[in-house]
Amino acid sequence: MRISESLPAGYEQIFAVDLQKDKKMALSINLTAILIMLIMGVGMHFLIPVTALFTVEEDQIWLLFVRAAVLAVSYIAYIFLHEAVHGVAMKLCGTKKVKYGFTGLYAFAGSDAYYGKGAYIFIALAPVVLWGVVLGVLCALLPTGWFWIAWFLQIGNISGAAGDFYVTFRFLRMPREILVRDSGVSMTVFAPCDEKHDT
């Protein structure tokens, strides 16, 4: 998969994303994430009622607090593991140095490298695919009382990837020769100057 440490001659910027500055795009992606959450949550409720999460024997009320704690700790861990997978994917593509950080709104992994289309789509989708499979297996194996903990994490996994889905969709329509630079807080796409762009 193509990666470059510097921008080759003859390339120009054709697209940029900065969710901290582009409030309209950020709102659109967040609304999409909320819609995904509602569909996954309400849809699953008809198959396995969410009340199963709160169903315990009278002498096991403490189990409710354990489940709440497990969910909270697991979700915090997931946020960091999600970005770690982005970072590992960058390393697999040949990135020399991955930068990790937290903006106050979200965690991120980024670098100064320029990635080809295939490489960047791999990097963008790696976490949602990997954790989607892991959490899917957990959902299938866990008893009913614990199922919703894994499913809430899966909802966060899929809905939290709304931005990754968005850029993947946009990049699939762009020229094969594009290069993507993702600093973690913003993303810039470059293409050869003589290319016709569909952005």
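Residues numbered from 1 in each chain as written. Predicted model: local features only at pLDDT ≥ 70, side-chain atom pairs only at ≥ 80, totals over all residues. Heavy atoms only, no water.

Caption draft 1: A look at the sheet that holds strand β5 (residues 114-116). Taken together, five strands build an open sheet; the order of strands is β1-β5-β6-β7-β2 and the sheet is antiparallel. Looking along the sheet, the strands with just one partner apiece sit at the ends: β1 (3-4) and β2 (11-17). (Pairing = 2+ DSSP bridges. Helix = DSSP H or I, 4+ residues; strand = E, 2+ residues; numbered from the N terminus.)

Caption draft 2: Looking closely at the packing of aromatic side chains. In this structure the tally under the stated criterion is seven aromatic pairs. The interplanar angle of 35° and the centroid separation of 6.0 Å between the aromatic rings of Tyr 75 and Tyr 78 together place this pair among those described as tilted. With Tyr 75 and Tyr 78 both in helix α2 (residues 62-92) and three residues apart, the pair spans about one turn of that helix. What makes Tyr 78 buried here is its relative accessible area of 9%. In this structure, Arg 67 is placed above the aromatic ring of Trp 146, and the distance from its NZ or CZ to the ring centre is 5.3 Å. (Phe/Tyr/Trp six-rings, centres within 6.5 Å; stacked < 30°, edge-to-face > 60°. Buried < 20%, exposed > 50% of the residue type's maximum accessible area, 1.4 Å probe, protein only. Lys NZ or Arg CZ within 6 Å of the ring centre and 35° of its normal.)

Caption draft 3: Representation of the environment of Cys 139 within the structure. Examined against the element boundaries, Cys 139 turns out to sit in helix α3 (residues 117-141). A relative accessible area of 10% places Cys 139 in the buried class. C-alpha separation for the pair Cys 139 and Phe 152, spaced 13 residues apart in sequence, amounts to 10.0 Å. Once you skip the residues sitting within four places of it in the chain, Cys 139 turns out to touch Phe 147, Ala 150 and Trp 151. (Contact = heavy atoms within 4.5 Å.)

Caption draft 4: Just the pattern of salt bridges, in detail. Under the counting rule described, the total for this entry stands at three salt bridges. In this structure, Asp 112 engages Arg 181 in a salt bridge whose closest nitrogen and oxygen atoms are separated by 2.7 Å. One end of the pair, Asp 112, is in the loop between β4 (107-110) and β5; the other, Arg 181, is in strand β6 (residues 179-182), and 69 residues separate them in sequence. The class for Arg 181 is partly exposed, based on a relative accessible area of 25%. One network of salt bridges, with partners in common, ties together Lys 99, Asp 112 and Arg 181. (Salt bridge = Lys/Arg side-chain N within 4 Å of Asp/Glu carboxyl O.)

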